Structures are given as structure tokens and as C-alpha cells.
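Structure assessment
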Amino acid sequence: MGEKKLMKGNEALAEGAVRAGCRFFSGYPITPQNEVPEYMSWRMPEVGGTFIQAESEVAAINMLYGASACGTRVMTSSSGPGISLKQEGISYTASAQLPIFYANVVRGGPGLGNIAPSQGDYFQATRGGGHGDYRVFVMAPNSVSEMGNFPRICYEVAEKYRMVTMILADGLLGQMMEPIEFDFEPIDPSKLPPKDYALGIQEGRSRRVVRSYDLKPGFMEKHTWKLMEIYNQVEEKETRYETIMAEDADLLVVAYGTCSRISRAALALGRKENLKIGLLRPITVWPFPSKILHDLASRIKKILVVEMSTGQMIEDVKLAIEGSAQVFFHGRPSGGIPTEFEVLDVIKKIYGK
Amino acid sequence: MEKKVFARTKGLTETPMRYCPGCGHGVIHRLVGETLEELDIRERTIGIAPVGCSVFADEYFNCDMIQPAHGRGPAVATGMKRVRPDCIIFSYQGDGDLASIGMAETIHSAARGENITIIFVNNAIYGMTGGQMAPTTLPGMRSTTSPFGRDPKVAGNPIRVCELLSSLKGPVYLERVAVNTPGNVVKAKKAIKKAFQVQVDGLGFSLVEIISQCPTDWAMTPLQSIGRVKDEMIPYYPLGVFKSLEEKK
Ligand SMILES: Cc1ncc(C[n+]2csc(CCOP(=O)(O)OP(=O)(O)O)c2C)c(N)n1
Ligand code: SF4
Ligand SMILES: [Mg+2]
């Protein structure tokens, strides 16, 4: 724990991972996350870990596959185009049940897009992203403090359930500076319990195999159902969210990450004008806080979804409320960032309807 | 009194192999297995199975095994060796795996001089997927995607991996061998053993390219396929040592 420090979001993310016991990082440069590999390039050797600038994101994620199979806490980070390349390895890792952690500091897309902040990779993050039937535990911080403190939660969830975990940030969160206080003591990875799947020295034990396939008829179906059971548990036990002034609200804003901060500011402005606005902020976007939203929607009949995209999380919102409220949308894709005044205007228009 | 002159190596499991009759993979597995036993490294070795006919290698090698995505063996090996430098890491790969989809991982792990060993099985064909053209398919050679024979004007010429890698500073030991005759099998064994020894001694990157036969997808009998190795493959892929820096160090 200790003192408050002023840090850039990307640096907080890297330091948070190191404090959480990460000892292997490989990545490939891409804006707006370059501070992460740059930080790791000196910090990893300092703590006796490994930093590799890989030849590509494809190689980077597969290096994680190997290092994680040996029981090490590992990390990679990138932005949209690089995360697309990593999907191959992420899918294999999910199937092999290796507990890896990665971060997407999202930029504007599709294509090379631009380097401005965006939330356009929500589908990619929450729908698995790669091929096959799997889920990823996805945390969406909205401050530098959370950028630094969420990696520990990701490692714990990753190892408890043996699944892929990630932080879905954006260029704004990566680049801005804020005070941060780490809410956990640095973790010494050598003191963590040994992993019963980890490859290494056999020393009398029987040989171990890490694989992502099973060609025997029916076996892969069984394996996939087993994964699904784990994901169901994660949905039940690891969903995280925050509500602000939802109790008496007659209009609920749903927003995550940067948009949740902007919406919080709009809410403060609106409350001054006696508009009864509330906010639901998913902290995990997979698992999505469907149950609380479903409950809120039984009372609050107007819901506004604010995203820095053309509308992706809105699908989860609609699925959660099952038609029980009216859903409105305000979005700014590919580098557009809404202001709190802009959001308040939208809210007022909804009230006017 | 009976005297045992030949036995199963401890480097391989008891699982029966499913390779086609006459396939080179089985022989090469045996050579690697013997090496693990003879160098007494079996219990600290992690092998990497490729995506290809030898994806089942994770059932055959009697050591810890991992099966990654197609062509990514050298990246996985890099991750493992860096966090477990006390382990011996080898990546077993076919020509589609290593020289096509995984070429970037191959070259860069070699360039970084990773202290790993690659067993590269070049059978000039995509065996597992049913005999499509590989980056190593010979000019004029038929495959299911070069039904009129590989035309270098359209498909380019086959890649010679040892020659390509020998231009890099990273590799310590590069040799090309074959398993088409008893004599060549003995030489192949020597090369494989040396490649592992280079890693045990901590010297750096080693790769053995093994010219192998795939009678099934070459549409040949095992005997004919051995003939092709001698008459067509070896003339294009000359056997020998391409780099050997281990004595100098
Ligand atoms: C990304 C990806 N593309 C394609 C395939 C299909 N595939 C499986 S094995 C293989 C070729 C294997 O050929 P080679 O590496 O030469 O091994 P061999 O079977 O000849 O030993 C291909 C293309 C795959 N599994 N993954
Ligand atoms: S298809 Fe070819 S490479 Fe594959 S097992 Fe049969 S002979 Fe061997
Ligand atoms: Mg082949």
C-alpha cells in the first residue's frame, strides 16, 4: 500500500501488474499503450522477471502461452489492431485453461483507425474475440487508480478459475495522469501456491500435458461444457458494478470506463436541476451486471446508454432488461469523446419526450 | 541366455503411434526419444508438439508436453525457456508449421539466439490436411493444390530453411539430415543429440532439419518415397552442417 503517487494510466497498469506478481511480459509497440512495454522493459529486470519485445503480437501472446504453462504470472498489452492478432493465442489459452492477463488500451477503429480513445472493442472483448466457445473476464477501469489496482483482481480470478482475464481501457485512461494509491501489498510470486498443471521438472511426478484440442469424438464437447460451468460460476461470483443515485432515479444512465466518468459529471449537473438521474456503471463488462440492471429496469422506465462507439454494450443492456424499459443511446465512435454537457442535453431531450 | 539387443526407449511413452506405414515421423520420434534418455534430460524436458500430423507427439514423447497454435512453437519455447532456464525445451515442427505460417517466429527466435532446440521435419507437403503444397514442395512436384506440379513462376521456389537461417548470427548449430537409409538415420541421431547437447551446454539456438518422407500424401509406396528423398529431395536440400559454433565457445 503506502503513499499516493502521480502516475500515467499506462504506467499504473504496468506497475499494478508487477506488484500483483507478474514476472513475464512480452509485447509489441502500438499507440496508445507504449508506456506499458516501455515501463516493463526496465521494471521486469529489476524484479528478476522477463521482458521481451516480440516480433509481433502473434508471437507475444504465444510467448505468454508458454510462460503461463510453466506457472508464471504473465502479461501482455496492446491496442485494437494488436489485440486482433492476439485473438488466436487467446482462444488457445482459453481452451488450455491457462490463466493469462492482458490489457487493451483501445484506440479508434476499425482498421488502422486512429490513435484517439475509443470503446469500439467492446464486442471483441466481451464476446470472446477469437474462435470457439469461451469467455474472458473483462474489467473496465475508469481511473488511473483502478488501472493500477485491477491487475491484482484479474490475476486472482485468472488463477482461481483458470481463465483468460483482461482490462478493457482506452487511450484516455492510458494517457492521463492522476494520483494513485495501491490498495494491496506487493505480491511475491515465489510465495504463491504451486500450480498442479505447471510444466517443468518432473522429479518423480507423472508427465504433464497442456493442450487446446481433443480429437476423440465427444471429448471436446465435454471439455467445452466444463469451461461453461466455470464461466457460470464466474458470472455468479465475480460480477462487479457501481451504482450512483439509482435509488430514486427515474432515468438510468448505463456507461462504463471513460464514459462512466463523463456520465457521472452529467449526472451531477442534472441533479442540480432536479433531474432524477441515476448511473449504473459495469465494472466487469463480462460478466455483465445483468441482474441488477434487470431489477432496476423493473422500476426505472427510461435507460440511456452512453458509449464511445456506435452502440455495442447497448446489446447487453437490452438483453438484461428484456424489454421492460425504453432504451436510448448516445454514442461517439472512433475517437469522438462526449462531454458532460452533451450527455446532459441528450438526457433533457429524453425527459422532454 | 537371452541377450536383449533392442528395447523401447524410455524417451517415448507406451502409446502406439498412428503414423502411416513408411512415414518419417515415427523414426524421428524414436531418435529424439533416445536422445532424451541418453542425455538423461527426460525429466527436465518440455516438448512442443506442432499442428500437423505430429500434433499427437504430446502423447508420444515421455516428458512434459505442450501443444500450441500452428507455427507458434518457437514463441512458446521462448516463453518457457525464459521462465524455466533449468528445463530443456524442444519444438518439433513440420514444414508448413515452421516455414510457412510460423516463419516469423522461426526467424526471430533464431535471431534472438534463444537457447532452444528445434526438430524440423521437412516432408515437402502439408501431411495432416491431406497433401497440399508446402513452402518446401519441390518444383514440379504434385500436391492437391498444385495438381499440375509446383510451378515456380506462380508459386515461387521452395525455401531452404538451413541456408536461410545460417545468414543470422543467432543460431549456434544448424544441420540438415535425412532418414531414408540406415546410414542417414545414424547421422540424423548424431545431429539431434548434438543439437540437444548445445542447449544443455547453454550455448544457444540449435535446429536440425530432417528430410522426411510422406508416402501417403506423395501417393507413393514407402519404398518409392525413400527413392524420392534420394533422387529429388536431397539434391535440392543438400545434407550437411550449415553452422556449428559450439566448438569455438
Ligand atoms: C491457423 C491454422 N491454419 C490452418 C490449419 C490447418 N492445418 C493443420 S496441419 C496443417 C499443415 C501441416 O503441415 P506440416 O507442418 O508440413 O506438417 P505435416 O503434417 O506435414 O507433418 C494445416 C495447414 C490450422 N490448424 N491452423
Ligand atoms: S500423412 Fe504423411 S506425414 Fe502424415 S502420418 Fe501419413 S505419411 Fe506421415
Ligand atoms: Mg509437412
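Before reading further, recall that the structure is shown in the block above.
Residues numbered from 1 in each chain as written. Chains lettered and ligands numbered in written order. Predicted model: local features only at pLDDT ≥ 70, side-chain atom pairs only at ≥ 80, totals over all residues. Heavy atoms only, no water.

Per the secondary structure count, chain B includes 10 helices and nine strands. Taking 18 Å as the expected radius of gyration for a compact globule of 249 residues, we find that chain B reaches 17 Å, a close match to that expectation. Seen through its principal axes, chain B has C-alpha atoms that stretch 55 × 50 × 30 Å. Buried positions account for 58% of the 249 residues belonging to chain B. By sequence separation, contacts in chain B at least 24 residues apart represent 69% of the contacts at least 6 residues apart. With the model as given, the accessible surface of chain B reaches about 9,900 Å², and the carbon-plus-sulfur share is 58%. Computed over 29 positive and 25 negative side-chain charges, the separation of the two mean positions in chain B equals 4 Å. (Helix = DSSP H or I, 4+ residues; strand = E, 2+ residues; numbered from the N terminus. Rg over C-alpha atoms; globule rule 2.2 N^0.38 Å. Buried < 20%, exposed > 50% of the residue type's maximum accessible area, 1.4 Å probe, protein only. Contact = heavy atoms within 4.5 Å. Areas by Shrake-Rupley, 256 points an atom, 1.4 Å probe, with all protein chains shown as cover. Lys, Arg positive; Asp, Glu negative; His and termini not counted. Charge placed at Lys NZ, Arg CZ, Asp CG, Glu CD.)

The next subject is the packing of aromatic side chains. Within this structure, the stated rule accounts for 12 aromatic pairs over all chains. With a centroid separation of 6.0 Å and an interplanar angle of 5°, the aromatic rings of phenylalanine 25 of chain A and phenylalanine 51 of chain A are classed as stacked. Residue phenylalanine 25 of chain A is found in strand S2 (residues 24–27), and its partner phenylalanine 51 of chain A is found in strand S3 (residues 50–53); the two are separated by 26 residues along the sequence. On the basis of relative accessible area, phenylalanine 25 of chain A is assigned to the buried category, the value being 0%. Look at phenylalanine 51 of chain A and you get partly exposed, because its relative accessible area is 21%. Seen in terms of ring centroids, tyrosine 231 of chain A and tryptophan 286 of chain A are 6.2 Å apart; in terms of plane orientation they differ by 85°. Their pairing is edge-to-face. Remark: tryptophan 286 of chain A occurs in strand S13 (residues 284–286) and tyrosine 231 of chain A occurs in helix H8 (residues 219–237); sequence separation between them is 55 residues. Residue tryptophan 286 of chain A is classed as buried on the basis of its relative accessible area, which comes to 9%. Among the aromatic residues, those joined into a ring-pair cluster are Phe61, Phe90, Tyr92 and Phe196 of chain B. Lying across the ring of tyrosine 197 of chain A, arginine 162 of chain A places its NZ or CZ 4.0 Å from the centre. (Phe/Tyr/Trp six-rings, centres within 6.5 Å; stacked < 30°, edge-to-face > 60°. Lys NZ or Arg CZ within 6 Å of the ring centre and 35° of its normal.)

The next subject is the interface of chain A and chain B. In this assembly, 34 residues from chain A lie in contact with 34 residues from chain B. For the pair chain A and chain B, the summed buried area comes to about 2,700 Å², and 57% of that belongs to carbon and sulfur atoms. For the pair chain A and chain B, the number of links is four salt bridges. Arginine 205 of chain A is the salt-bridge partner of aspartate 64 of chain B, the closest N and O atoms lying 2.7 Å from each other. (Buried area = accessible area lost by both parts, 1.4 Å probe. Salt bridge = Lys/Arg side-chain N within 4 Å of Asp/Glu carboxyl O.)

Next up on the list: the site of ligand 2. Residues and elements named next belong to chain B. The environment of ligand 2 is made up of Tyr19, Cys20, Cys23, His25, Cys53, Asn123, Cys214, Pro215, Thr216 and Asp217. A per-element tally of the shell around ligand 2 places helix H9 (residues 215–218) first, with three residues. Along the lines of polarity and charge, the residues of the shell around ligand 2 split into six nonpolar, three polar and one charged. (Near = heavy atom within 4 Å. Nonpolar A, V, L, I, M, F, W, Y, C, P; charged D, E, K, R; others polar.)

On to the coordination of the magnesium ion (ligand 3). Residue and element names in this part refer to chain B. With distances of 2.0 to 2.1 Å, the protein atoms coordinating the magnesium ion (ligand 3) are Asp95 (OD), Asn123 (OD1) and Ile125 (O). Along the chain, the residues that donate to the magnesium ion (ligand 3) are spaced as D-x27-N-x1-I. Each member of the pair, asparagine 123 as well as isoleucine 125, carries the same accessibility label: buried. (Donors = N, O, S within 2.8 Å, 3.2 Å for Na, K, Ca; no water.)

On to helix H9 (residues 257–272) of chain A, then. Since one α-helical turn is 3.6 residues long, residues separated by three or four positions face the same way. Residue and element names in this part refer to chain A. The terminal C-alpha atoms of H9 lie 24 Å apart, and with 16 residues this matches the ideal 22 Å at 1.5 Å per residue to within 8%. The complete set of buried residues in H9 reads Gly257, Thr258, Cys259, Ser260, Ile262, Ser263, Ala266, Leu267 and Gly270. Of the residues one or two after H9, asparagine 274 is the one with positive phi, at around 65°. (Expected span 1.5 Å × (residues − 1).)

Strand order in this open sheet of eight strands is S9(A)-S2(B)-S1(B)-S3(B)-S4(B)-S8(B)-S7(B)-S9(B), and the pairing throughout is mixed. Pairing within the sheet leaves two strands with one partner each, and these edge strands are strand S9 (209–210) of chain A together with strand S9 (240–244) of chain B. The sheet contact formed by strand S4 (residues 117–122) of chain B and strand S8 (residues 206–211) of chain B spans six bridges and is parallel. Across the sheet, residue asparagine 122 of chain B finds its bridge partner in S8 of chain B, namely isoleucine 211 of chain B. Packing of helix H8 (residues 182–200) of chain B onto the sheet brings it into contact with strand S3 (88–94), S4, strand S7 (173–178), S8 and S9 of chain B, and relative to S7 of chain B it is tilted by some 160°. (Pairing = 2+ DSSP bridges. Axes fitted to C-alpha atoms, helices over the stretch in contact; angles between N-to-C directions.)

With that settled, the discussion passes to the sheet that holds strand S15 (residues 326–331) of chain A. Residues and elements named next belong to chain A. The strand order across the open sheet built from five strands is S10-S12-S11-S14-S15, with neighbouring strands paired in mixed fashion. Two strands lie at the open edges of the sheet, namely strand S10 (241–244) and S15, each paired on one side alone. Taking the axes of each pair of neighbouring strands and ignoring which way they run, one obtains an average angle of 20° across the sheet. Direction of pairing for strand S14 (residues 302–307) relative to S15: parallel, over a ladder of six bridges. Note that in S15 the partner of glutamate 307 across the bridge is glycine 331.

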